[in-house]
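# Coordinate analysis (summary)
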Amino acid sequence: MNIDTFMAGYQVAWQARDPAMFAALFHEDGQYHNTPFQVQTGRAQLAEYWRRVQLQEDVRVTYEVLADDGAAGIAHWHVTYQVASQELFQIWARSTGTGLPPRQPGDPLPRMVLDGVLRAHFAQGLCTEARIWWHSMPQA
């Protein structure tokens, strides 16, 4: 595995909203740093964290590999999705620290845009560690 094959799997797992597929990209004790201060370690934690993508609909993921030395790589990724539940919208607001944008009762939930960078390390055909830095906002 290198950064391109990892990102292709990441794209498929996210668009399929499949926690098991996501976790299978990693070693048994692989780490995913979804923010600089949070880390999920091991496939069980990875799959549990990734379950939140099941609250997204119409997910579209694109990426561009920026660097690849075989054992590690960096990619820029871009995601859009339709928020499918108020719960996910509240998770997003808490994670960004921005609070909920004003909405009236009955207003549709927004389509979100996420943009970020991922750095990953690989060994024995799987990811040992991935770190992402990202930001999100409702799509205009």
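Predicted, not measured: the structure shown is a model, and the values here were computed from it.

Before going further, it helps to spend a moment on helix α1 (residues 3–16). The end-to-end C-alpha distance of α1 is 20 Å, a good match for the 20 Å that 14 residues give at a rise of 1.5 Å each. Taken as a whole, α1 has its buried residues at Ile-3, Phe-6, Met-7, Gly-9, Tyr-10, Ala-13 and Trp-14. Axial view of α1: buried residues confined to an arc of 160°, hence all on one face. The N-capping residue of α1, defined by a side-chain oxygen 3.1 Å from the backbone nitrogen of Asp-4, is Asn-2.

Located in the positive-phi region is Arg-17, a residue other than glycine, with phi close to 55°. Mapped onto the elements, Arg-17 comes out in the loop between α1 and α2 (19–23). Using a relative accessible area of 30% as the deciding quantity, one classes Arg-17 as partly exposed.

Along the chain, Trp-133 turns up in strand β6 (residues 126–138). Considered as a pair, Trp-133 and Pro-105 are 28 residues apart in the sequence and their alpha carbons are 33 Å apart.

Our next topic: the pattern of salt bridges. Counted according to the given criterion, the structure contains six salt bridges. Glu-48 is the salt-bridge partner of Arg-51, the closest N and O atoms lying 3.1 Å from each other. Salt bridges sharing partners connect three or more residues here, namely Asp-58, Arg-60 and Arg-111.

Across all of its chains, the model carries 16 aromatic pairs by this definition. On the numbers, 5.3 Å between centres and 65° between planes, the contact of Phe-22 with Phe-26 is edge-to-face. Take Phe-22: its relative accessible area is 0%, and that puts it in the buried class. In this structure Phe-26 comes out as buried when scored by relative accessible area, which is 0%. Residues Tyr-49 and Trp-50 carry aromatic rings whose centres are separated by 6.5 Å and whose planes lie at 55° to one another, so their mutual orientation is tilted. Of the two residues examined, Tyr-49 and Trp-50, each falls in the buried class. Among the aromatic side chains, those forming a connected cluster through ring pairs are Phe-6, Tyr-10, Trp-14, Phe-22, Phe-26, Tyr-32, Tyr-49, Trp-50, Trp-77 and Phe-122.

About the cut-offs
- What you see as residue numbers is a count from 1 along each chain, following the sequence as written.
- The model is predicted, so local features are restricted to residues of pLDDT at least 70 and side-chain atom pairs to those at 80 or more, both for listing and for counting; the totals for chains, interfaces and linings are taken over all residues.
- For side-chain calculations, the full set of non-hydrogen atoms in the structure is used, while hydrogens and water are omitted.
- Helix numbering and strand numbering both begin at the N terminus, where a helix is a DSSP run of H or I of at least 4 residues and a strand a DSSP run of E of at least 2.
- Every helix has an expected span of 1.5 Å times one less than the residues it contains.
- For every residue, the accessible area obtained with a 1.4 Å probe (protein chains only) is divided by the maximum for its type, and the residue is called buried under 20%, exposed over 50%, and partly exposed between those limits.
- Directions from the helix axis toward the C-beta atoms define the arc.
- Definition of a polar contact: a pair of N or O atoms within 3.5 Å, with one able to donate and the other able to accept a hydrogen when the atoms are protein atoms, and with sequence-neighbouring residues admitted only if both atoms are side-chain atoms.
- Salt bridge, as used here, is a side-chain nitrogen of Lys or Arg placed within 4 Å of a carboxyl oxygen of Asp or Glu.
- Pairing of aromatic side chains here covers Phe, Tyr and the six-membered ring of Trp, requires ring centres within 6.5 Å, and sorts the geometry by plane angle: under 30 degrees stacked, over 60 edge-to-face, intermediate tilted.

Everything listed here is a matter of geometry and, on its own, says nothing about what the molecule does.
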